[in-house]
Each structure stands twice: as structure tokens, then as C-alpha cells.
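Structural features, examined
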Amino acid sequence: MSQNLQTSGKLRPVDLARRHGLSTQAVRNYEEAGILPTAERTASGYRVYTRLHERALAAFLALVPGHGHATATAVMQAVNRDAVDQAFQLIDESHARLLRDRRTLRAVEDALRGLTAESAGTDAAGFRQMFIGPLAEELGVRPATLRKWEAAGLVRPRRDPVTGYRVYEPSDVRDAHLVHQLRRGGHLLERIAPLITQVRTAGGLEPLEGALRDWRGQLSDRSRAMLRGAAALDAYLVERG
């Protein structure tokens, strides 16, 4: 029966699975989830797949690396229920997220360049310990702004045990400068918080340069993956007619 099915252009679940290194159960799960169109059944109840299913599976697997499993699933489900415009909207939204990520990366890189210029000629750490008034004056902001950043978790000054004054260590001053650069670029506080966390986790600005290169590479990989996904989805749409 296998030879007859394949000769006639029809495929069993195992045939489709092997072509993509999947299990037959995974193929059945994809059909049940609406990622693949519903398969015809033989008289004995066995699923019979076709070139259309092959194209659908190839499209889904190509979409995942660039758009993620959830979006790729939603795109294929929309296509298979003839809601192609909805599928295109999902893809557009995914591209918009990628563009926002690129703009955020550019803002961080610009901020780092600004910080490098500001720290030229200072001590090895790049920044010195400061109190809230001098730091606010240096940044050209009000002390209330620094307190707002503190409430948002963007800067974490310690309190002097005697006076109770806020004391900004060099790392806090660095973070305040980075927040200031990003705010000047129009970024909201909630978008800045994850970036500051990355700076802290990296242990400073210099180690973060490597992380930024990796981030840039990941964005390029996503862009290329989206191109491959678009080509595979277009082939499936052509096959659907």
C-alpha cells in the first residue's frame, strides 16, 4: 500500500514525518491543531496526506524560527480556515516587533557610545560616587526624576546609615546615565528596565558590548529566518490555489 500511495502522490503520516525528521504523532498533532489541513481517510480509517500537506508542514517549520511557535501556529491556522488577511496581519505584527527590537538595540548602542565619551579621562570605573543633587545637576534633570527612576527599579542607590541621604555608587551613576540617554531617545521606563538589567548582569558596559553583538546577530538571524518562512508560506499559498 505504501508504494501505491507514494506513486499516486499520496503520503502516509510516516512518509511526511520522515521527510522532516518528525514523529508520526507530531504530524498528527499538527493536523489536529489546524496547522495542516484536514487529511482524507482511507476506508480503514488511515490518514492520507498529499503534496498540499507537505507544503503546509514545510511552511510551518520554516515560519517557526523567525516568528516563534505561537505565531507560526496562528498563521497556519488562519490560512487553513481561509482567513489569509489575518495571517498576513500576524506576520506584519511580527515584523513590527523585530523593527522595535532593532530600534531598541540602536538606542542602547548610541547610549553606550555617549557614555564612553562622557567617561573619557575619569577613573577606571568610568564614574564616581555621587549624591542625588550633584547627579541630577550633571544629568540636567530634577532630583524628583531620579527618585522616579529609583521607584521604577532603574537605579538603586544605597542610603547613608547616618544621614539617610541617597548615595549613588559608580555603577548607579552609570545606570542613571544610560537611563538618561534612553529617555532622551523617547524610550518608556518599562522598556528601559530590561536593558538596565542586562547591563547589571553583564557586570558593566564593556562586557555588554559582546552581548550587544550577539543581540545584533540574533536579530539578523530572525530577519533571514523570516525571509525563508515567507518563501515557504508563499509556496503553500500557491499550492492551495
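Placed above this text is the structure.
Report on the accompanying structure. (Residues numbered from 1 in each chain as written. Predicted model: local features only at pLDDT ≥ 70, side-chain atom pairs only at ≥ 80, totals over all residues. Heavy atoms only, no water.)

Here we come to the overall build of the protein. Per the secondary structure count, the protein includes 11 helices and 5 strands. By the burial criterion, 40% of the 241 residues in the protein qualify as buried. When the accessible area of the protein is evaluated, it comes to approximately 13300 Å², of which 50% is carbon and sulfur surface. (Helix = DSSP H or I, 4+ residues; strand = E, 2+ residues; numbered from the N terminus. Buried < 20%, exposed > 50% of the residue type's maximum accessible area, 1.4 Å probe, protein only. Areas by Shrake-Rupley, 256 points an atom, 1.4 Å probe, with all protein chains shown as cover.)

Its place among the elements puts Thr71 in helix 5 (residues 69-80). In this structure, Thr71 is in contact with Leu90 and Arg97, ignoring residues within four places of it in sequence. (Contact = heavy atoms within 4.5 Å.)

Right, let's talk about helix 3 (residues 24-32) for a bit. Buried within helix 3 we find Ala26, Val27, Tyr30 and Glu31. Buried residues of helix 3, viewed axially, fall in a sector of 140°; they line one side. On its buried side, helix 3 packs onto helix 2 (13-19), strand 2 (47-48) and helix 4 (51-67). Positioned one or two residues after helix 3, Gly34 has a phi angle of 85°, which is positive. (Arc of directions from axis to C-beta.)

Compared with an ideal rise of 1.5 Å per residue, which puts 12 residues at 16 Å, helix 5 spans 16 Å between its outermost C-alpha atoms and is within 8% of the ideal. Burial in helix 5 covers these residues: Thr71, Ala72, Thr73, Val75, Met76, Ala78, Val79 and Asn80. Looking one or two residues beyond helix 5, the residue adopting positive phi is Asp82, at roughly 65°. (Expected span 1.5 Å × (residues − 1).)

Moving on, we get to unusual backbone geometry. Residues other than glycine seldom take positive phi values, yet Asp82 does so here, at roughly 65°. Overall, Asp82 belongs to the exposed group, its relative accessible area being 60%.

All told, the structure shown has 11 salt bridges when counted by the stated rule. With its nearest N and O atoms 3.6 Å apart, the salt bridge here joins Arg128 to Glu138. Of this pair, Arg128 sits in the loop between helix 6 (84-118) and strand 3 (130-131) while Glu138 sits in helix 7 (residues 132-139), and the two are 10 residues apart along the sequence. With its nearest N and O atoms 2.7 Å apart, the salt bridge here joins Arg158 to Glu169. One end of the pair, Arg158, is in strand 4 (residues 158-159); the other, Glu169, is in the loop between strand 5 (166-168) and helix 9 (170-184), with 11 residues separating them in the sequence. On the basis of relative accessible area, Arg158 is assigned to the partly exposed category, the value being 36%. What emerges from the salt-bridge pattern is a single network uniting Glu31, Glu32 and Arg47. (Salt bridge = Lys/Arg side-chain N within 4 Å of Asp/Glu carboxyl O.)

Applying the stated criterion across every chain, the model contains 2 aromatic pairs. Ring geometry for Phe131 versus Tyr165: centroids 6.5 Å apart, planes at 85°, classification edge-to-face. Linking Phe131 in strand 3 with Tyr165 in the loop between strand 4 and strand 5, this pair joins segments that are 34 residues apart in sequence. On the accessibility criterion, Phe131 (40% relative accessible area) is partly exposed. The exposure class assigned to Tyr165 is exposed, which follows from its relative accessible area of 53%. (Phe/Tyr/Trp six-rings, centres within 6.5 Å; stacked < 30°, edge-to-face > 60°.)

So, about the sheet that holds strand 5. Pairing in this open sheet of 3 strands is antiparallel, and the strands run 3-5-4 from one edge to the other. Each having just a single partner strand, strand 3 and strand 4 make up the two edges of the open sheet. Relative to strand 5, strand 3 runs antiparallel, the two being bridged by 2 bridges. By the bridge assignment for strand 5, Phe131 is matched with Val167. (Pairing = 2+ DSSP bridges.)

These results come straight from atomic positions and should not be treated as a statement about function.
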